Amino acid sequence: MYVAEFSLHAKPGHYAEVAELYSSFAAEFLSEHDALESVLVVGDEGSGVVRGVGVFTDRPAADRVNSDSEFAAFNDAVRPLLASTPERVELELLHRFTRT
């Protein structure tokens, strides 16, 4: 398993719109990409940050997102609403705890 975190910093007044675009994109992307195990979309309206955390089957799958046309289209759609360049961080999954 491998984790990719992608953070967006919304311009003032655009947090809700960025959050909605991100959530819609994440739900659709998850349904269409078998290598993506799960996605959390979290945010902080006060700071304007919307962050997605995707859990992938492996690092190559996480890396392929960067060249995916759907991901590029999402970035193009959200770019005018952002105060700064999106930040992507790749992380090693150390533990995964879920209630069954």
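Right, let's walk through the structure included here.

Thresholds, definitions, all that
Residues numbered from 1 in each chain as written. Predicted model: local features only at pLDDT ≥ 70, side-chain atom pairs only at ≥ 80, totals over all residues. Heavy atoms only, no water. Helix = DSSP H or I, 4+ residues; strand = E, 2+ residues; numbered from the N terminus. Rg over C-alpha atoms; globule rule 2.2 N^0.38 Å. Buried < 20%, exposed > 50% of the residue type's maximum accessible area, 1.4 Å probe, protein only. Contact = heavy atoms within 4.5 Å. Areas by Shrake-Rupley, 256 points an atom, 1.4 Å probe, with all protein chains shown as cover. Lys, Arg positive; Asp, Glu negative; His and termini not counted. Charge placed at Lys NZ, Arg CZ, Asp CG, Glu CD. Pairing = 2+ DSSP bridges. Axes fitted to C-alpha atoms, helices over the stretch in contact; angles between N-to-C directions. Core = buried A, V, L, I, M, F, W, Y, C linked by side-chain atoms within 4.5 Å.

### Remarks on the overall build of the protein
For the protein, the helix and strand inventory stands at three helices and four strands. Sequence-ordered secondary structure for the protein, helices as α and strands as β, is β-α-β-β-α-α-β. The C-alpha radius of gyration computed for the protein amounts to 13 Å, which stays within 12% of the reference 13 Å derived for 100 residues, consistent with globular compactness. Dimensions of the protein along its principal axes, counting C-alpha atoms only, are 35 × 30 × 20 Å. In the protein, buried positions account for 34% of the 100 residues. Of the contacts made within the protein by residues no fewer than 6 positions apart, 71% connect residues no fewer than 24 positions apart. A total of about 6,200 Å² of accessible surface is found on the protein, and carbon and sulfur atoms cover 53% of it. Taking the 8 positively charged and 17 negatively charged side chains of the protein as two groups, their mean positions are separated by 4 Å.

### A word on the environment of Val 53
Mapped onto the elements of the fold, Val 53 is located in strand β3 (residues 49-56). In the structure, Val 53 is positioned 35 residues away from Arg 88 in sequence and 9.8 Å away in space, judged by C-alpha atoms. If we skip the residues at most four places from it in the chain, Val 53 touches Val 3, Ala 4, Glu 5, Ser 38, Val 39 and Leu 40.

### Topic: the sheet that holds β3
Read across the sheet, four strands follow the order β2-β3-β1-β4 without closing on themselves; strand pairing throughout is antiparallel. The sheet is open, and its two edges are formed by β2 (36-44) and β4 (87-92), each paired on a single side. Neighbour-to-neighbour, the strand axes of the sheet open up by a mean angle of 15°, direction not taken into account. By the bridge criterion, eight bridges tie β2 to β3 in an arrangement that is antiparallel. In the sheet register, Val 41 faces β3, and the bridge partner there is Gly 52. Strand contacts of helix α1 (residues 15-32): β1 (2-9), β2 and β3, with the helix running at about 175° to β2, the strand carrying the most contacts.

### Some points on the nonpolar core
Counting 22 residues, the largest nonpolar core has Leu 8, Val 18, Tyr 22, Phe 56 and Phe 74 as the members making the most contacts within it. Secondary structure elements with two or more residues in this core: β1, α1, β3, α2 (59-64) and α3 (69-78). Looking at this core, the element that brings in the most residues is α1, giving six residues. With residues near it in sequence (within four places) discarded, Val 18 still touches Leu 8, Ala 10, Val 50, Val 78, Leu 81 and Leu 82.

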